[in-house]
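Observations on the model geometry
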Amino acid sequence: RLISGLTPFQTISSAGSTGAEVSVSDSTFNKKGGNSSNDGQSNFYGLNAALVVTEGNLTLSNVEVYSDADGSNAVFATGEKSNIQIDGIKIHTKQNSSRGLDSTYGGTISAKNVDITTEGAHCAAFATDRGEGNVSADGGKALTSGEGSPVIYSTGNIQVSNLQGAATGSEIAVIEGKNSISRK
């Protein structure tokens, strides 16, 4: 279903066994305040994220996501049954531990035409963590400026192509363990 006119703190869910199927276009999401109460929960499960999918499919088209709270990732997929498809997104996060596109525990994010800026510490533009998350991005730019905030942080699988990136407070990319970053 196509969603418009969401109110703050609104949750969209499905009682079905396959999760929700949601499409959002030409919209702005603005997460102000409300710092995360648990760093681990926000880093690994999306607690306090502007947009989070735990089971189901989310399609975003021509959206903007702004976050100004600690532990408030912009777009987050967690779990093997979570899938986010993006065509055209602008992301700007301002506080610590607030990544751009983040996937954990087998979740998948596939994006085209991205414009991501993060300012806080530990705020990668593209991130995977805990249990082989998957993130792919084709086209766009990413700028990170916080301490320990690479453009790409992988403890899963990240693929990028046609991307311009700069990290002014960290390495450009970090891989931990037997994981991957690929650039086409």
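Our subject is the structure listed above.
Attention now moves to the layout of surface pockets. Where empty space is left can be seen by rolling a probe of water-molecule size over the atoms. Approximately 160 Å³ is the volume found for the second largest pocket. Residue composition of the lining of the second largest pocket, by class: seven nonpolar, four polar and two charged.

With that out of the way, let us pick up the pattern of salt bridges. Counted by the stated rule, this structure contains two salt bridges. Residues K112 and D87 are paired through a salt bridge, measuring 3.9 Å at the closest nitrogen-oxygen approach. Here K112, found in strand β8 (residues 108-118), pairs with D87, found in strand β6 (residues 82-93); they are 25 residues apart in sequence, far enough to count as distant. Note on K112: relative accessible area 41%, which makes it partly exposed. For D87, a relative accessible area of 32% gives the class partly exposed.

Turning next to the environment of G106. As for its placement among the helices and strands, G106 is situated in the loop between β7 (101-104) and β8. Judged by relative accessible area, which is 15%, G106 ranks as buried. For the pair formed by G106 and S82, sequence separation is 24 residues and the distance between their alpha carbons is 7.9 Å.

The next subject is the nonpolar core. In terms of nonpolar packing, the biggest core is built from 31 residues, with L60, V75, I84, I86, I89, L101 and F126 touching the most fellow members. Residue assignment for this core shows that the elements contributing at least two residues are β2 (20-32), β3 (51-53), β4 (56-68), β5 (75-78), β6, β8, β10 (134-144) and β12 (157-167). Excluding anything up to four places from it in sequence, I89 contacts L60, V63, V65, V75, N113, V114 and D115.

What follows covers the pairing of β5. Burial along β5 is two-sided: the face carrying V75 and A77 and the face carrying F76 and T78 are both buried. Two strands pair when backbone bridges link them, and β3 and β5 are joined in this way by three bridges, in the parallel orientation. Paired with L51 across the bridge in β5 is V75. Across four bridges, the pairing between β5 and β7 is parallel. Considered in β7, the bridge of F76 is made with D102.

So, on to the side chain of N73. Locating N73 in the fold gives a position in the loop between β4 and β5. According to the relative accessible area criterion, N73 is buried, its value standing at 0%. Of note is the side chain of N73, whose polar atom sits 3.1 Å from the backbone oxygen of S42. In this structure N73 touches S42, A49, A50, S97, S98, R99 and D102, once residues within four positions along its chain are discounted.

Here P150 lies in the loop between β10 and β11 (152-154). Each C-alpha atom of the pair P150 and A127 lies 9.1 Å from the other, and the pair is 23 residues apart in sequence. With near-sequence residues (within four places) excluded, P150 lies in contact with C123, A124, A125, T144, A167, S170, E171, I172, A173 and V174.

What follows concerns the sheet that holds β11. Pairing between the strands of a sheet comes from backbone hydrogen bonds, and it takes one of two forms, parallel or antiparallel. Strands sit in the order β3-β5-β7-β9-β11-β13 across an open sheet of six strands; the sheet is parallel. Because the sheet does not close on itself, it has two edges, and the strands there are β3 and β13 (173-175). Averaged over all neighbouring strand pairs, the angle between strand axes comes to 10°, with direction disregarded. With three bridges joining them, β11 and β13 adopt parallel strand pairing. Residue pairing for β13: S154 is matched across the bridge by I175.

Procedures and definitions
- Each chain carries its own residue numbering, running from 1 in the written order of its sequence.
- This being a predicted model, a pLDDT of at least 70 is required before a residue's local features are given, and a value of 80 or more before pairs of side-chain atoms are given or counted; all residues contribute to the totals for chains, interfaces and linings.
- Side-chain numbers here rest on the full set of heavy atoms in the structure, without hydrogens or water.
- With a 1 Å grid spanning the protein atoms alone, the term cavity applies to any set of points in which a 1.4 Å probe fits but cannot get out, the term pocket to an open set with protein on both sides within 12 Å along at least five of seven lines, and the term lining residue to any residue with an atom within 4 Å of a point.
- Grid points are joined across faces, edges and corners, and a volume is the space filled by probe spheres set on the points.
- Side-chain classes follow a simple rule in which Ala, Val, Leu, Ile, Met, Phe, Trp, Tyr, Cys and Pro form the nonpolar group, Asp, Glu, Lys and Arg form the charged group, and the remainder, Gly included, forms the polar group.
- The salt bridge definition used is simple: a Lys or Arg side-chain nitrogen within 4 Å of an Asp or Glu carboxyl oxygen.
- Numbering of helices and strands runs from the N terminus, with a helix taken as a DSSP run of H or I at least four residues long and a strand as a DSSP run of E at least two residues long.
- Categorising residues by exposure relies on relative accessible area from a 1.4 Å probe, with only protein chains included: less than 20% of the type maximum marks a residue as buried, more than 50% marks it as exposed, and the intermediate range marks it as partly exposed.
- Remark: nonpolar core denotes a set of buried residues (Ala, Val, Leu, Ile, Met, Phe, Trp, Tyr, Cys) joined through side-chain atoms within 4.5 Å.
- Should any heavy atoms of two residues lie within 4.5 Å, those residues are considered in contact.
- Pairing between strands is defined by DSSP: at least two bridges between them are needed.
- As used in this structure description, the phrase polar contact means that two N or O atoms lie within 3.5 Å; if the pair is within protein, one of them must be able to donate a hydrogen and the other to accept it, and residues adjacent in sequence are counted only when both atoms belong to side chains.
- Where helices are involved, their axes are fitted lines through C-alpha atoms of the stretch in contact, as for all axes, and angles between N-to-C directions lie from 0 to 180°.

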